Amino acid sequence: MSASIDRSSVETNDAVTLKFIVEGEGNLRGLAAPTIDFPGDFEVFPPEVTESVQPSGDGLTGSKVFEYVLIPRTPGQRAIPSVSMGYFDAA
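Caption draft 1: Looking closely at the side chain of Ser-63. With respect to the helices, strands and loops of the structure, Ser-63 is situated in strand 5 (residues 59–72). Among residues more than four places away in sequence, those in contact with Ser-63 are Ile-21, Val-22, Glu-23, Leu-28, Thr-50, Glu-51, Ser-52 and Val-53.

Below, the structure written as structure tokens:
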């Protein structure tokens, strides 16, 4: 899993995009969007989800991308909390 943001500084009421990418083997199509506790003064839109999954050997491999548009509604410095996801590794 990796995360990135399109810019590290924005003005109040300007949008910023936060992207989470999950890559690996298995049923990525069934993977739900991560639960994130965004600061209360952010307007958060539902994530746009894209996936690229293909058959590979004994199963599936690929990636699933979650893109959130965030708009800070008050001035000041904010931190986006860390995100964790559980997974099962059969190997």
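Picking up where we left off.
Caption draft 2: Spotlight on unusual backbone geometry. Even without a glycine there, the phi angle at Asn-13 is positive, about 75°. Relative to the helices and strands, Asn-13 is located in the loop between strand 1 (2–5) and strand 2 (16–25).

Caption draft 3: Structural context of the nonpolar core. In terms of nonpolar packing, the biggest core is built from 13 residues, with Leu-18, Phe-20, Ile-36, Phe-38, Phe-66, Tyr-68 and Leu-70 touching the most fellow members. For this core, the elements supplying multiple residues, two or more each, are strand 2 and strand 5. Sort the elements by how many residues they give to this core and strand 2 lands first, with 4 residues.

Caption draft 4: Structural view of the pairing of strand 4 (residues 48–56). In terms of strand pairing, strand 4 meets strand 5 through 9 bridges, oriented antiparallel. Its bridge partner being in strand 5, Gln-54 is matched across the sheet by Thr-61. In sequence, strand 4 turns back onto strand 5 through a hairpin of 2 residues, with Gly-57 there showing a positive phi of about 55°.

Analysis parameters
Residues numbered from 1 in each chain as written. Predicted model: local features only at pLDDT ≥ 70, side-chain atom pairs only at ≥ 80, totals over all residues. Heavy atoms only, no water. Helix = DSSP H or I, 4+ residues; strand = E, 2+ residues; numbered from the N terminus. Contact = heavy atoms within 4.5 Å. Core = buried A, V, L, I, M, F, W, Y, C linked by side-chain atoms within 4.5 Å. Buried < 20%, exposed > 50% of the residue type's maximum accessible area, 1.4 Å probe, protein only. Pairing = 2+ DSSP bridges.

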